[in-house]
Amino acid sequence: MAVPDTRDGTGGFSTDDSLLVARAAEGDEQAFSDLVQRHAPPLIRLATRMLGDRTEADDAVQDAFISAWRRLPDFRQRSSFATWMYRIVTNRCLNVLRARRPTSALEDAADVQAPEHTVSPHRIAEARDAVRELREALDLLSPEQRACWVLRELDGRSYEFVAHAVGISQEAVRARVFRARRSLTQAMGEWR
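Now for a quick tour of the structure. Because the structure is a prediction, the values reported are computed rather than measured. Within each chain, residues carry numbers counting from 1 in the order of the written sequence. Thresholds applied to this predicted model are a pLDDT of at least 70 for local features of residues and 80 or more for the giving and counting of side-chain atom pairs; totals over whole chains, interfaces and linings are not thresholded and use all residues. Excluded from the side-chain calculations are hydrogens and water; all other atoms, namely the structure's heavy atoms, are used.

1. Observations regarding the packing of aromatic side chains
- Pairing of aromatic rings covers Phe, Tyr and Trp, the last through its six-membered ring, and needs centres within 6.5 Å; plane angles under 30 degrees mean stacked, over 60 mean edge-to-face, and all others mean tilted. Under the counting rule described, the total for this entry stands at 6 aromatic pairs.
- Note on Phe32 and Trp69: the rings are 4.9 Å apart at their centroids and 55 degrees apart in plane angle, and the pair reads as tilted. A residue pair is termed long-range when its members are at least 10 positions apart, and Phe32 in helix H2 (residues 29-51) and Trp69 in helix H3 (residues 54-71) qualify at 37 residues.
- Only protein chains enter the calculation, and the probe is 1.4 Å; a residue is then buried if its accessible area is under 20% of its type maximum, exposed if over 50%, and partly exposed in between. Given a relative accessible area of 31%, Trp69 falls into the partly exposed group.
- Ring centres 6.4 Å apart and planes at 75 degrees place the aromatic pair Phe75 and Phe81 in the edge-to-face group. Labels follow the DSSP assignment, with helices taken as runs of H or I lasting at least four residues and strands as runs of E lasting at least two, numbered in each case from the N terminus.

2. Quick word on the layout of surface pockets
- Every definition here rests on a 1 Å grid over the protein atoms only: cavities are sets of points where a 1.4 Å probe fits but cannot get out, pockets are open sets enclosed by protein on both sides within 12 Å along at least five of seven lines, and lining residues have some atom within 4 Å of a point. Grid points are joined across faces, edges and corners, and a volume is the space filled by probe spheres set on the points. What the second largest pocket holds in volume is close to 250 Å³.
- Forming the walls of the second largest pocket are Arg71, Asp74, Phe75, Arg76, Gln77, Arg78, Ser79, Thr83, Trp84, Arg87 and His164.
- In terms of residue count, helix H4 (residues 81-100) provides more of the lining of the second largest pocket than any other element does, 3 residues in total.
- Each residue is assigned to one class: nonpolar for Ala, Val, Leu, Ile, Met, Phe, Trp, Tyr, Cys and Pro, charged for Asp, Glu, Lys and Arg, and polar for all the others, Gly among them. Grouping the amino acids of the lining of the second largest pocket by side-chain chemistry returns 2 nonpolar, 4 polar and 5 charged.

3. Looking at the environment of Arg179
- Along the chain, Arg179 turns up in helix H8 (residues 170-187).
- On the accessibility criterion, Arg179 (34% relative accessible area) is partly exposed.

4. Quick notes on H8
- How far a helix is expected to stretch is found by multiplying one less than its residue total by 1.5 Å. For H8, spanning 18 residues, the distance from its first C-alpha to its last is 25 Å, which sits close to the expected 26 Å at 1.5 Å a residue.
- Among the residues of H8, those classed as buried are Val173, Val177, Ala180 and Leu184. Seen from one end, H8 has its buried residues packed into an arc of 65 degrees, which puts them on one side. In H8, the exposed residues that point more than 90 degrees away from the buried face are Glu171 and Gln186.
- When checking whether two residues touch, look at their non-hydrogen atoms; a contact exists if any pair is within 4.5 Å. Looking at the packing, one finds that the buried side of H8 touches helix H5 (121-140), helix H6 (143-154) and helix H7 (159-166). The arc under discussion is defined with respect to the helix axis, by the directions toward the C-beta atoms.

5. Observations concerning the side chain of Asp17
- Note that Asp17 resides in helix H1 (residues 14-25).
- Here a polar contact is taken to be a pair of N or O atoms separated by no more than 3.5 Å, where protein atoms must pair a possible hydrogen donor with a possible acceptor and residues adjacent in sequence count only if both atoms sit in side chains. Engagement of the side chain of Asp17 in a polar contact is seen with the side chain of Arg38, the distance being 2.8 Å.
- Asp17 has contacts with Leu35, Arg38, His39 and Phe81, leaving out every residue within four places of it along the chain.

6. Focus: the nonpolar core
- If you look at the biggest cluster of nonpolar residues, it comprises 49 residues, and the most contacted ones within it are Phe81 and Met85.
- Mapped by element, the contributors of at least two residues to this core are H1, H2, H3, H4, H5, H6, H7 and H8.
- Sort the elements by how many residues they give to this core and H2 lands first, with 10 residues.
- Setting aside residues no more than four positions away along its own chain, Met85 makes contact with Leu43, Ala64, Phe65 and Ala68. By nonpolar core we mean a set of buried residues, namely Ala, Val, Leu, Ile, Met, Phe, Trp, Tyr and Cys, connected to one another through side-chain atoms within 4.5 Å.

What follows is the structure, encoded as structure tokens:
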């Protein structure tokens, strides 16, 4: 089923999603497949940013969609399908971060590769050091702060969207983002 690509203001597809959600809740696997195809790419980007590992991100998003499929008949559409999925994926990522926190090794994260033709080896080394330090600084944040910061700063989501996705008030989101920014600014002070 090809559905027109009409986005709502939050980056979701509310009008067409409502129809697909209703059909999927009745057991229409193709409708749910369309929802997965439509929403998986931004959710994988979010999970990858939160977890720092594409394989874990893929697993978290897959688990989130499985959970959504099972819970779809109970989905009351108080929020958009996109917001609901962001919340499920965020919670999955938070669980992964909490579970691995004591043993997370930053050295395992992939280095960012700069194009060879435009950057000197010295600049490449500096960029790798900066990315490594940013990863270390992000690792110091609580999982909740990290989730709010990633959604707000890297994904460009509104405070309202982040609040719905994480399941807290907008004021709590603002506080967590503020504390995350302050921590990252302090940790990255040398790079400013």
